[in-house]
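Listed below are the residues making up each chain.
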Amino acid sequence: MADLSVDLAPSNPRELRLANPVIAASGCFGYGQEYQGTIDVDRLGAFVSKGITPEPRSGNPMPRITETPGGMLNAIGLQNPGIRAFIRKYPPVWEGWSLPAIVNISAESVADFADMARRLDEVPGVAALEVNISCPNVNAGGFCFGWDAAMSRDVTAAVRAATTLPIIVKLSPGATDIAAIAIAVEEGGADAVSLINTLVGMSIDVRKRRPVLANRTGGLSGPAIKPVAVRMTYQVAQVVGIPVVGLGGIMGLDDALEFFMAGASAVQVGTGFFAQPGRMVGIVDELDAWLDAQGCARLGEIVGAALPNGLPPRRMRADDIAFAIPYDPA
Amino acid sequence: MADLSVDLAPSNPRELRLANPVIAASGCFGYGQEYQGTIDVDRLGAFVSKGITPEPRSGNPMPRITETPGGMLNAIGLQNPGIRAFIRKYPPVWEGWSLPAIVNISAESVADFADMARRLDEVPGVAALEVNISCPNVNAGGFCFGWDAAMSRDVTAAVRAATTLPIIVKLSPGATDIAAIAIAVEEGGADAVSLINTLVGMSIDVRKRRPVLANRTGGLSGPAIKPVAVRMTYQVAQVVGIPVVGLGGIMGLDDALEFFMAGASAVQVGTGFFAQPGRMVGIVDELDAWLDAQGCARLGEIVGAALPNGLPPRRMRADDIAFAIPYDPA
Amino acid sequence: MSESIDPVPEDVATVRGSRASGHREFAATVVATEREMGDCTLLTVALPPGVAHRLRPGQFVNVLCRDALSLDPLLRRPYSFFGVDAANDTMTLLVRPFGRGSQWLAARTAGDVLDVMGPLGNHFEATSRADRLLMVAGGVGIAPLVHLTDEALARGQSVTLLMGASTASTLLSAARLPAEVEYVVGTDDGSQGHAGFVTDLVPDYLQWADQVFACGPDPMLRSLASVIRQHRVGRRPSVHVSVERSMACGVGACLGCVIDTRHGMQTSCVTGPVFPIEEIVW
Amino acid sequence: MSESIDPVPEDVATVRGSRASGHREFAATVVATEREMGDCTLLTVALPPGVAHRLRPGQFVNVLCRDALSLDPLLRRPYSFFGVDAANDTMTLLVRPFGRGSQWLAARTAGDVLDVMGPLGNHFEATSRADRLLMVAGGVGIAPLVHLTDEALARGQSVTLLMGASTASTLLSAARLPAEVEYVVGTDDGSQGHAGFVTDLVPDYLQWADQVFACGPDPMLRSLASVIRQHRVGRRPSVHVSVERSMACGVGACLGCVIDTRHGMQTSCVTGPVFPIEEIVW
Ligand SMILES: Cc1cc2nc3c(=O)[nH]c(=O)nc-3n(C[C@H](O)[C@H](O)[C@H](O)COP(=O)(O)OP(=O)(O)OC[C@H]3O[C@@H](n4cnc5c(N)ncnc54)[C@H](O)[C@@H]3O)c2cc1C
Ligand SMILES: Cc1cc2nc3c(=O)[nH]c(=O)nc-3n(C[C@H](O)[C@H](O)[C@H](O)COP(=O)(O)OP(=O)(O)OC[C@H]3O[C@@H](n4cnc5c(N)ncnc54)[C@H](O)[C@@H]3O)c2cc1C
Ligand SMILES: Cc1cc2nc3c(=O)[nH]c(=O)nc-3n(C[C@H](O)[C@H](O)[C@H](O)COP(=O)(O)O)c2cc1C
Ligand SMILES: Cc1cc2nc3c(=O)[nH]c(=O)nc-3n(C[C@H](O)[C@H](O)[C@H](O)COP(=O)(O)O)c2cc1C
Ligand code: FES
Ligand code: FES
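Residues numbered from 1 in each chain as written. Chains lettered and ligands numbered in written order. Predicted model: local features only at pLDDT ≥ 70, side-chain atom pairs only at ≥ 80, totals over all residues. Heavy atoms only, no water.

Participant: What exactly am I supposed to notice about the interface of chain B and chain A here?
Facilitator: Many analyses report the size of an interface as the accessible area lost when the parts associate. Taken together, the contacts link 61 residues of chain B with 61 residues of chain A. Those elements that place two or more of their residues in the side of chain B that touches chain A are β6 (71-74), β11 (199-201), β13 (210-211), α6 (226-237) and α7 (253-261) of chain B. Per-element accounting of the side of chain B that touches chain A gives the leading share, five residues, to α6 of chain B. Along the lines of polarity and charge, the residues of the side of chain B that touches chain A split into 38 nonpolar, 14 polar and nine charged. (Contact = heavy atoms within 4.5 Å. Helix = DSSP H or I, 4+ residues; strand = E, 2+ residues; numbered from the N terminus. Nonpolar A, V, L, I, M, F, W, Y, C, P; charged D, E, K, R; others polar.)

Participant: Help me understand the relation of the copies chain B and chain A, please; the structure alone is not making it clear to me.
Facilitator: To go from the first copy of the chain to the second, apply a rotation about an axis and then a shift along the same axis. Expressed as a screw operation, the relation of chain B to chain A combines 0.0 Å of axial shift with a rotation of 180 degrees, fitting to an RMSD of 0.0 Å. The operation mapping one copy onto its partner corresponds to a two-fold rotation axis. Take the interface residues of chain B: 100% of them recur as interface residues in chain A, which is what a same-surface contact looks like. (Least-squares fit on C-alpha atoms with pLDDT ≥ 70 in both.)

Participant: When you look at the packing of aromatic side chains in this model, what are you seeing that I'm missing?
Facilitator: Given two aromatic rings, their pairing is described by the distance between the two centres and the angle made by the two planes. Applying the stated rule across the entire model yields 28 aromatic pairs over all chains. With a centroid separation of 6.3 Å and 45 degrees between ring planes, the pair formed by Tyr 31 of chain A and Phe 86 of chain A is classed as tilted. Of this pair, Tyr 31 of chain A sits in the loop between β3 (22-24) and β4 (46-48) while Phe 86 of chain A sits in helix α1 (residues 82-89), and the two are 55 residues apart along the sequence. Here Tyr 90 of chain B and Trp 94 of chain B contribute two aromatic rings whose centre-to-centre distance is 6.1 Å and whose plane-to-plane angle is 25 degrees, an arrangement assigned as stacked. Taken as a pair, Tyr 90 of chain B and Trp 94 of chain B share a single burial class, namely buried. Three or more aromatic residues joined by ring pairs form one cluster here, namely Phe 29, Tyr 31, Tyr 35, Phe 47, Phe 86, Tyr 90, Trp 94, Trp 97 and Phe 273 of chain A. Cation over ring: Arg 108 of chain C sits above Trp 104 of chain C, and NZ or CZ is 3.9 Å from the ring centre. (Phe/Tyr/Trp six-rings, centres within 6.5 Å; stacked < 30°, edge-to-face > 60°. Buried < 20%, exposed > 50% of the residue type's maximum accessible area, 1.4 Å probe, protein only. Lys NZ or Arg CZ within 6 Å of the ring centre and 35° of its normal.)

Participant: Is there a simple way to think about the site of ligand 1 in this case?
Facilitator: Residues and elements named next belong to chain C. Neighbouring residues of ligand 1: 18 residues in total, closest Arg 77, Pro 78, Leu 94, Gly 99 and Ser 102. When ligand 1 sits alone it has 920 Å² of accessible area, and the protein chains cover 70% of it. At the level of elements, β4 (77-80), β6 (90-95) and α1 (100-106) are the ones that each hand at least two residues to the shell around ligand 1. The element contributing the most residues to the shell around ligand 1 is β4, with four residues. Residue composition of the shell around ligand 1, by class: nine nonpolar, four polar and five charged. (Near = heavy atom within 4 Å. Areas by Shrake-Rupley, 256 points an atom, 1.4 Å probe, with all protein chains shown as cover.)

Participant: Is there a simple way to think about the site of ligand 2 in this case?
Facilitator: All names here are of chain D. Near ligand 2 there are 18 residues, and of these Arg 77, Pro 78, Leu 94, Gly 99 and Ser 102 occur at the shortest range. Between ligand 2 and Ser 80, the relevant distance is 3.2 Å, taken from a nitrogen atom to a main-chain nitrogen or oxygen of the residue. For the shell around ligand 2, the secondary structure elements donating two or more residues are β4 (77-80), β6 (90-95) and α1 (100-106). Counting residues per element, the shell around ligand 2 draws most heavily on β4, which supplies four residues. (Polar contact = N/O pair within 3.5 Å; in protein donor to acceptor, adjacent residues only side chain to side chain.)

Participant: Explain the pattern of salt bridges to me, please; I cannot follow it from the model alone.
Facilitator: Side-chain pairs of opposite charge can arise whenever the charged atoms involved come near each other. One pass over the full model with this rule turns up 55 salt bridges over all chains. Between Glu 55 of chain B and Arg 84 of chain B there is a salt bridge, and its shortest N-O distance comes to 2.9 Å. Taken together, the positions of Glu 55 of chain B in the loop between β4 (46-48) and β5 (65-68) and Arg 84 of chain B in helix α1 (residues 83-89) put the pair 29 residues apart, joining distant regions of the chain. A residue is classified by how much of its surface remains accessible, and Arg 84 of chain B, at 38% relative accessible area, is partly exposed. Glu 278 of chain C is paired through a salt bridge with Arg 235 of chain C; the nearest N and O atoms lie 3.3 Å apart. With a gap of 43 residues between them, Glu 278 of chain C in the segment after β16 (274-276) and Arg 235 of chain C in the loop between α4 (218-231) and β13 (238-242) connect regions that are remote in the sequence. What makes Glu 278 of chain C partly exposed here is its relative accessible area of 21%. Taken together, the salt bridges that share partners define one network made up of Glu 67 of chain A together with Asp 72, Arg 77 and Arg 100 of chain C. (Salt bridge = Lys/Arg side-chain N within 4 Å of Asp/Glu carboxyl O.)

Participant: Whenever I open this one, the pairing of strand β7 (residues 101-105) of chain A confuses me. Can you help?
Facilitator: Looking along a regular strand, one sees side chains alternate from face to face of the sheet. Residues and elements named next belong to chain A. The buried count for β7 comes to five of five residues, which makes it a mostly enclosed element. Residue alternation in β7 divides its side chains into two sets, Ala 101, Val 103 and Ile 105 and Ile 102 and Asn 104, and both sets are buried. Examined bridge by bridge, β4 and β7 share two bridges and lie parallel to one another. Bridge pairing in β7 links Val 48 to Ile 102. Here β7 pairs with strand β8 (residues 128-132) via four bridges, running parallel. If you follow Ile 102 over to β8, its bridge partner there is Ala 128. Crossover handedness for the path β7 to helix α3 (residues 110-120) to β8: right-handed. (Pairing = 2+ DSSP bridges. Right-handed = clockwise from strand over helix to strand, strands pointing away.)

Participant: Could you clarify how one ought to interpret the sheet that holds strand β9 (residues 158-165) of chain C in this entry?
Facilitator: Strands belonging to one sheet form pairs held by backbone hydrogen bonds; the direction of such a pair is parallel or antiparallel. All names here are of chain C. Strands sit in the order β11-β10-β9-β8-β12-β13-β16 across an open sheet of seven strands; the sheet is mixed. Edge strands, defined here as strands with exactly one partner in the open sheet, are β11 (194-195) and β16. Sitting on the sheet, helix α2 (residues 142-154) is in contact with β8 (132-138), β9 and β12 (211-215), with an inclination near 160 degrees to β8. (Axes fitted to C-alpha atoms, helices over the stretch in contact; angles between N-to-C directions.)

Participant: Hey, could you run me through the sheet that holds β4 of chain D in this one?
Facilitator: Residues and elements named next belong to chain D. Spatial ordering of the open sheet is given by β4-β3-β7-β1-β2-β6-β5, a layout of seven strands whose pairing is antiparallel. Where the open sheet ends on each side, the last strands, each with one partner, are β4 and β5 (83-85). On average, adjacent strands in this sheet sit at an angle of 35 degrees to one another, irrespective of strand direction. Pairing analysis gives six bridges linking strand β1 (residues 25-36) to strand β2 (residues 40-46), with the strands arranged antiparallel. Within β2, the residue paired with Arg 35 across the bridge is Thr 41.

Participant: Can you help me understand helix α6 (residues 226-239) of chain A in this one?
Facilitator: End to end, α6 of chain A covers 20 Å across 14 residues, agreeing with the expected 20 Å (1.5 Å per residue, within 8%). For α6 of chain A, a buried count of 14 out of 14 residues is recorded, marking the element as mostly surrounded by other parts of the structure. (Expected span 1.5 Å × (residues − 1).)

Participant: Any chance you could explain the nonpolar core here in plain terms?
Facilitator: The nonpolar side chains of soluble globular proteins are, as a tendency, buried together. In terms of nonpolar packing, the biggest core is built from 242 residues, with Tyr 35, Trp 94 and Leu 171 of chain A together with Tyr 35, Trp 94 and Leu 171 of chain B touching the most fellow members. The greatest single-element share of this core, amounting to eight residues, is contributed by α6 of chain A. Sequence-distant contacts of Trp 94 of chain A, defined by excluding residues within four places in its chain, comprise Tyr 31, Phe 47, Ser 49, Phe 86, Ala 101, Val 103 and Gly 125 of chain A. (Core = buried A, V, L, I, M, F, W, Y, C linked by side-chain atoms within 4.5 Å.)

Participant: What should I look at first to understand the side chain of Arg 245 of chain C in this one?
Facilitator: Along the chain, the position of Arg 245 of chain C falls in the loop between β13 and β14 (258-261). In terms of polar contacts, Arg 245 of chain C uses its side chain to reach the side chain of Asp 218 of chain C, at 3.1 Å. Discounting residues that sit within four places of it in the chain, Arg 245 of chain C has contacts with Met 62 of chain A together with Asp 218, Cys 257, Val 258, Ile 259 and Ser 268 of chain C.

So this is what it looks like as structure tokens:
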């Protein structure tokens, strides 16, 4: 029995302590009760809710999902009841749970992000916020917050000012320099970063000669994106001092271990739940057994094991940062 | 028998006319003769050579490749004999061929790119250049040319000034705003753009607790990246007036059709050759038969068929451009 | 698109402490396969004890259609029940080999083990007050209607089953159905029965039927909706249709399978796949 | 790492007009399967006419190890020949079920059709002047050495075959080898033959042998290299080893499978997989 517990907000007095590092990812686990009756939900370390927006959204027209090689595209369009109805309905249910509930928030302006954080600040049943910066900024012509370091810092700082809850900022892989974004959100006051959100993709139905998804583009998730996600985790873990939560394509223990060794203190599982929900909660037990077999008393002993400087991940000096963006052409 | 021919440099007097739009991609087809004896190489529309650099390179240590779900990572490290030995050895062989040979050039400074273009300008056997801007710029701390619009424009303009050969600029998917890069290289004088190069990824060997590839990171290619490649092709085809060459994960006719319908005038096949070389050249005949069955006399009739404005792709007005960066959160 | 809705499922108040922990993911062994409807496979699959009696017509299972080490196809595929044998703890699936998932599944043989999740979704409900049931099936959409027919006959209801297919060889063989069923067919190419859409036959039975149940491709359901609008008098007979949407989770967690209804976007995996026809916004 | 080299293959001057168009990608039907070496499968595969006689020991074929509609695994897997029967146009592959590709391949049964590319690579060459051949095999690395043994015996050469395995049950059964072969084994757990590395046995045979051929995992080859450095006098006997590198193209196009040699980075799929041991930079 290795120690699997982890605190994802070590410098926040409200802390975010999980019994284990396996978290269900936003948008793939509804509001925490959908998979009940299928799996033992309470064996997870935590779950992240579907993305909540300031106003109710009915989401995109259908089709919203399609399969791609090793992955899937989704364009749900953030269907959700809006922050006010959300607060009435879900947190009261979660209050009785042992499982921490993290609320994923999405908005199109800094002010809206701050407003949602303020409303959630003292809501019982809410353990932490995950700030989804893969959202278009209406004040920047639809350019995503998460693609720009300054905009990412601004959102984080505004949310930080609005709540004392632990804040995880969820990074977008569309950013060219993911390390710079991570540094910016750390500066903005994030307690942790999670990465990656989906890559923007498209499939075309060649019979109909138009995009498969009604929204045309969608977010690419699943094993196909795992190498990108592991690489970004590896980069980010080298440049920030806050915990890193890795995700993207985890389908089993070995995938999760890749993220831990790349420097993630915890992982999230999204698409993997759709295919094999039982196997996903099973990762917790498999990890425990694996650590025992490796003679590790704590999960922390393998976090960052594949980083160039070995473990634990450390904040790099500014002149090391170019190294954190490794690129070598074919 | 539909008309499959395409000119990828319509505004260049030296033009780049191909009998058909299926091109073997750089780094996946050696120097054009490796697949002889396996497939009828001359049934292709053209091929692109392995990336050539100013000086000889022995490439990266092993392992250089590893498989990932639906894709593969490579970090060959541009092993090649250098521009001078290259010019002595290969173009003289290609001179007798009917198949156009396109030379992929990689360098770490604008001056080196220009110098290579100048050396290749009048070399018989060379039909065109493909400029690989997914290379670190030594004068920008290793930041890739292709991640920045101004740097991309500069490289293109310098190559343009150094040669009258048709120039295809190969875009990097690491750029947040691929449409802006495409516009910049068109302004710089590119005759065509090709996209996408590989995404930067990493796999970790969890038994050894270190990255699988000796280079740690590698380029992700294959079907896994197809949705990203199709999306970027769809974006770029809406904003440039020059031909677009689409690639990334093509394994058969349907994949190629996705790119044509997204606005590509031609396609390249890379990783697909490794798995099924015969099927890849077969795409040419299958495309011909498919166009006949659809009652299309020319390939051009389906190019851009899935674009919002139907075909043909057109250059958009500046205020439409935000639309060309579609993003809708999950 | 309809108004924004609040997608809170009915059972939101189920707290974890008090829920039943009936696990819905299980291994199931194929015990027999048969060819039917031309290229389709009827797969009979052994279930863990206690599962079969819970499977209702119109519900479905999500099957992982790949080898243990393969990731292709990534997502499960939904299949409704063609038949359930509670005494022997088996279910039978009718699979048309179409794409990657179904070709894999249709190629299974006795002894192969499937990773199955279910039962999922709501179901067709023939009320005890209904005497005469009309079923309208398109292609493999016949599966849940055969299951429903079995149940209805056991309760003494009368069933007329209309089936449409592209050509005679892809119709369900009449021998698969109990003798009591009135089985009327149509084919697109006129090779057997009515030449044309199966929905053309519906008006003749609307007076007779107390309830109508349908399952088939979207165009068939859309055509049925227009037949109903034109020929039904008031709200009788009630018409319930099972819709087919691509699914990811199958449990209401991803919101990928929704259908636009008068009450907003509803999940076809939890609130559906069966909906009253007039509630669907086509 | 060695000096930068010019990777121009020898045959660069082959212009397309003049090349032989011998196509190397073909469909091949499995005709028989047998269990061997514990969990391994011996697959006998029918070849198109005229192919078998060209297959040399140490060469390999690249097999697509997946179902027609699946993309997993994406790349082919290389397998050398355990045996070739030119009279019957068949080849036999020895497959250890390890990961995704080999488990798929090892599970094939008679009648299954494989997508095969080859023959690829260079081969083991026993010179006609050599009378006594020493072979050193680790695990499935024995495959090309059995093939080479068959050819050598047919030419009247004597063969000693040393084989190492983890445990007795994973050794090649002696019954698979012609009686003329001197077959000496070692196991890591000492359950049969020499307890320890098979390379420990090599010094005893170095004086005797005219040529040495080896195939096995990298650690075995590295250990062989050090045995050779310590015990060989001059350049006799010559030692050729077949190396195992992950491959993508198999034809020298991708430069993914290179091996660092005294002549620079060489492709193990075209210039190899067989190299003189002293040329490899470990
Ligand atoms: C509730 C429910 C119950 C179902 N019950 C059955 C059943 O009893 N028997 C059965 O055979 N199938 C049934 N299906 C359909 C089944 O889930 C699969 O969609 C079907 O087997 C095809 O999967 P595939 O992997 O082979 O095709 P894919 O490879 O997923 O399909 C390839 C492409 O074809 C499209 N496509 C999929 N199916 C069709 C089709 N039938 N016609 C035209 N295009 C299509 C897909 O959108 C995709 O773009 C049911 C679906 C649902 C939602
Ligand atoms: C020239 C050549 C000839 C070959 N001949 C044979 C042969 O005759 N018989 C045979 O069975 N195999 C042979 N191989 C190996 C074979 O090509 C595959 O690599 C092997 O079957 C494993 O493939 P897989 O898809 O099952 O494993 P993968 O899923 O590709 O492997 C999973 C992981 O394990 C690693 N790995 C692969 N194989 C091993 C291993 N043996 N031990 C430890 N780690 C490993 C891989 O690098 C990868 O990271 C040969 C290889 C080469 C290059
Ligand atoms: C159907 C679906 C819906 C999603 N919804 C959200 C969301 O609302 N907010 C968010 O931040 N991420 C959302 N995501 C992204 C996932 O949380 C996750 O970042 C991504 O899918 C990569 O992880 P995976 O490969 O394990 O799925 C969604 C993903 C999927 C597949
Ligand atoms: C082994 C390998 C080597 C490559 N070498 C080069 C190169 O030298 N120059 C270049 O521009 N692209 C190179 N590429 C990228 C491909 O040309 C192509 O852009 C990419 O692989 C995506 O296409 P695909 O999915 O069809 O392979 C290489 C790709 C692979 C797999
Ligand atoms: S399939 Fe996920 S909500 Fe229905
Ligand atoms: S496998 Fe491509 S060069 Fe050897």
